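Spelled out, the chains give:
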Amino acid sequence: MDPVRLGVNIDHVATLRQARGGTEPEPVIAAGIAELAGADSITIHLREDRRHIRDRDLRLIRETVQTKLNLEMACTSEIIGIALDVGPEQVTLVPERRQELTTEGGLDVRGALDSIRSAAERFAEAGTRVSLFIDPDAEAVRAAAESGTQCVELHTGSYANAKNEAQATQRLSELAHAATLARSLGLWVYAGHGLNYANIRPLVRIPEVEEVNIGHSIISRAIFTGLDQAVREMKDLMRR
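This structure is a prediction, so every number in the text was calculated from the model and none was measured.

A. How the structure looks around the pattern of salt bridges. All chains considered together, the criterion is met by 18 salt bridges. Between Asp 228 and Arg 232 there is a salt bridge, and its shortest N-O distance comes to 2.8 Å. Here the residue Asp 228 and the residue Arg 232 both occupy positions in helix α11 (residues 227-239), the gap between them amounting to 4 residues, near one helical turn. Each of Arg 5, Lys 68, Glu 210 and Glu 211 takes part in one network of salt bridges that share partners.

B. Just the side chain of Glu 26, in detail. Positionally, Glu 26 belongs in the loop between α1 (11-20) and α2 (27-36). Once residues within four sequence positions are removed from consideration, Glu 26 is found in contact with Val 13, Arg 17, Arg 56 and Asp 57.

C. Geometry of the pairing of strand β7 (residues 188-192). Extensive coverage of β7 is indicated by the burial of 4 of its 5 residues. Pairing geometry for strand β6 (residues 151-155) and β7, over 5 bridges, is parallel. Within β7, the position partnered with Val 152 by the bridge is Val 189. Here β7 runs beside strand β8 (residues 209-214); their pairing, made up of 4 bridges, is parallel. From the neighbouring strand, Tyr 190 faces β8, where its bridge partner is Glu 211.

D. Region of the structure containing the side chain of Gln 90. The residue Gln 90 is located in strand β4 (residues 90-93) in this model. Other than its neighbours up to four places away in sequence, Gln 90 contacts Lys 68, Leu 69, Asn 70, Leu 71, Thr 128, Arg 129, Ser 131 and Tyr 190.

E. The arrangement of the packing of helix α6 (residues 138-145) against helix α8 (residues 165-184) in detail. Contact geometry for α6 and α8: axes closest at 10 Å, N-to-C directions at 20°. Judged on the interaxial angle alone, α8 and α6 are roughly parallel. Crossing hand, α6 versus α8: right-handed. Counted together, Ala 138, Val 141 and Arg 142 of α6 and Ala 178, Leu 181 and Ala 182 of α8 form the full contact between these two elements. Here the residues of the contact of α6 with α8 are counted per class, giving 5 nonpolar, no polar and 1 charged.

F. Highlighting the sheet that holds β6. Taken together, 8 strands build a closed barrel; the order of strands is β1-β2-β3-β4-β5-β6-β7-β8 and the barrel is parallel. Pairwise comparison of adjacent strand axes, ignoring direction, gives a mean angle of 25° for this sheet. In terms of strand pairing, strand β1 (residues 5-9) meets strand β2 (residues 41-45) through 3 bridges, oriented parallel. Of the residues in β2, the one forming a bridge with Asn 9 is Thr 43.

G. Region of the structure containing helix α10 (residues 216-225). All of the buried residues in α10 are Ser 217, Ile 218, Ile 219 and Ala 222. Buried residues belonging to α10 abut β1, α1, β8 and α11. Just beyond α10, the residue with positive phi is Gly 226, at close to 90°.

H. The state of the cysteines, seen in detail. Overall, the coordinates contain 0 disulfides when judged by the stated rule. Among the cysteines around Cys 75, which has no disulfide bond, Cys 151 carries the closest sulfur, lying 15 Å off. Using a relative accessible area of 27% as the deciding quantity, one classes Cys 75 as partly exposed. With a relative accessible area of 0%, Cys 151 lands in the buried category.

Thresholds, definitions, all that
Residues numbered from 1 in each chain as written. Predicted model: local features only at pLDDT ≥ 70, side-chain atom pairs only at ≥ 80, totals over all residues. Heavy atoms only, no water. Salt bridge = Lys/Arg side-chain N within 4 Å of Asp/Glu carboxyl O. Helix = DSSP H or I, 4+ residues; strand = E, 2+ residues; numbered from the N terminus. Contact = heavy atoms within 4.5 Å. Buried < 20%, exposed > 50% of the residue type's maximum accessible area, 1.4 Å probe, protein only. Pairing = 2+ DSSP bridges. Axes fitted to C-alpha atoms, helices over the stretch in contact; angles between N-to-C directions. Parallel < 35°, antiparallel > 145°, perpendicular 65-115°, else oblique. Left-handed = near helix turned anticlockwise from the far one by under 90°. Nonpolar A, V, L, I, M, F, W, Y, C, P; charged D, E, K, R; others polar. Disulfide = S-S within 2.5 Å.

This is how it looks when you write it as structure tokens:
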């Protein structure tokens, strides 16, 4: 079995920059360091309110990323137009509320099926892979399979926030069942949200999971170890 790939989300580098309204730290430099340390892809979220990543960051990172650029985004006409213009290898459609600190739940695929299908067709013509960020339940997986997209990213927040070992085991089982169903329906399976150095290993043992996206934990560790070491430590845990 091939090792699970690591996508590093660098949004919080931009969050730190925005705290002072200056120019440091530079997200594009973070992307380069993460790649050199072994990241298999770089993830950024261009929010409608531009609270961290900005249009300028997206364009610079698109020019410099050597692996895969995964753009998290709301399914809105403005952001779709920007994504089609910039051309990331992958877009991940996510729900978005301006009041939230971070993405709080999975996409309501059934409720937005027509708009998702329309976006998926446009991205397919541009050669861009489309993933949907969904909760790990059967209805969401089946709706994703009807949407014309190629991938799902399973929301791992409930697993990451489990209060005890029994709850974590139950949440992991739910993720495993969702991953098995998604793969049986022809979807590639990714996972992300709240994953860290303590909980990553059980998750990457799910055979269908091919890639995980991790941001906050790696950027937090980087404050003490440096970004290069933080990425290498996560990759090492995933291999073991």
